[in-house]
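Observations on chain architecture
Residues per chain, in single letters:
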Amino acid sequence: MRVTRPMLALSGAVAILALAGCGSGGKDEAAVPEAVTGSLEHIAAEAKCKPDMQTDADEIRQALCKKGKEKYVLATFATDRGQREWLNSAKDYGGYYLVGRKWVAIGQEKTVTALQGTLGGTMEEGSEHMNPGGSHNKGGHDGGSHHG
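To start, this report covers the structure provided alongside it. (Residues numbered from 1 in each chain as written. Predicted model: local features only at pLDDT ≥ 70, side-chain atom pairs only at ≥ 80, totals over all residues. Heavy atoms only, no water.)

1. Quick word on helix H4 (residues 109-119)
Here H4 has its buried residues at Thr111, Val112, Leu115, Gln116 and Leu119. Considered in projection along H4, the buried side chains sweep an arc of 145° and stay on one side of the axis. Two residues or fewer past H4, Gly120 is found with a positive phi of approximately 75°. (Buried < 20%, exposed > 50% of the residue type's maximum accessible area, 1.4 Å probe, protein only. Helix = DSSP H or I, 4+ residues; strand = E, 2+ residues; numbered from the N terminus. Arc of directions from axis to C-beta.)

2. Remarks on the sheet that holds strand E5 (residues 103-107)
Reading across the sheet, the six strands line up as E1-E2-E3-E5-E4-E6 and stay open at both edges, with antiparallel pairing between neighbours. If you trace the sheet from one side to the other, it starts and ends with strand E1 (52-56) and strand E6 (122-125), each paired once. Pairs of neighbouring strands in the sheet enclose a mean axial angle of 25°, with direction left out of account. Where E1 and strand E2 (residues 60-67) come together, four bridges link them in antiparallel fashion. (Pairing = 2+ DSSP bridges. Axes fitted to C-alpha atoms, helices over the stretch in contact; angles between N-to-C directions.)

3. A short note on unusual backbone geometry
Even without being glycine, Lys48 reaches a positive phi, approximately 60°. With respect to the element layout, Lys48 can be found in the loop between helix H2 (40-46) and E1. If you check the backbone angles, Lys102 has positive phi at about 65° while not being a glycine.

4. Let's talk about the packing of aromatic side chains
Applying the stated criterion to the full structure yields two aromatic pairs. Seen from their ring centres, Trp86 and Tyr97 are 6.4 Å apart, and the 75° between their planes marks the pair as edge-to-face. With a gap of eleven residues between them, Trp86 in helix H3 (residues 80-90) and Tyr97 in strand E4 (residues 96-100) connect regions that are remote in the sequence. Overall, the relative accessible area of 25% leaves Trp86 in the partly exposed class. The rings of Phe77, Trp86 and Tyr97 are connected pair by pair, giving a single aromatic cluster. (Phe/Tyr/Trp six-rings, centres within 6.5 Å; stacked < 30°, edge-to-face > 60°.)

5. Focus: the environment of Leu40
Looking at where Leu40 falls in the secondary structure, it is placed in helix H2. Overall, the relative accessible area of 0% leaves Leu40 in the buried class. Spatially, the C-alpha atom of Leu40 lies 9.6 Å from that of Met53, the residues being 13 residues apart in sequence.

6. A word on the state of the cysteines
As enumerated under the stated definition, the model contains one disulfide in all. Across the disulfide, Cys49 is cross-linked to Cys65 (sulfur-sulfur distance 2.0 Å). Measuring the twist about the S-S bond at about -80°, one finds the Cys49-Cys65 disulfide to be left-handed. Taken together, the positions of Cys49 in the loop between H2 and E1 and Cys65 in strand E2 put the pair 16 residues apart, joining distant regions of the chain. There is no split in this pair, since Cys49 and Cys65 are both buried. (Disulfide = S-S within 2.5 Å.)

The following block contains the structure:
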């Protein structure tokens, strides 16, 4: 297939929009490195994780990782479209998603926020109605549960 100039221009525009993101303009944005790329093993090594493989299929590879006492899931995808379709479905279940090119880290907010300093990527939140751990994504930012 021959790539034409209009196709390149469209690809470039999409890349610029993706890089610009919809950030909040917060002070932490400057501290986020460029997102890592590569295999699940390479991304896990960057995060200092020894991946415990759970799924090793053509379209998705998924492993459990630990960061201190916290666990998170690291997944890589064969295609950008496959990644976006997976994310759109997964976000219905809540949670916090650190998203890079063809990879996602899923876990508690503090865990994936800490990973962002190493792996780069952008933060996305799942549905506020189904966040694992019983708290809603919006409003539960006081550092812990105070239910007694």
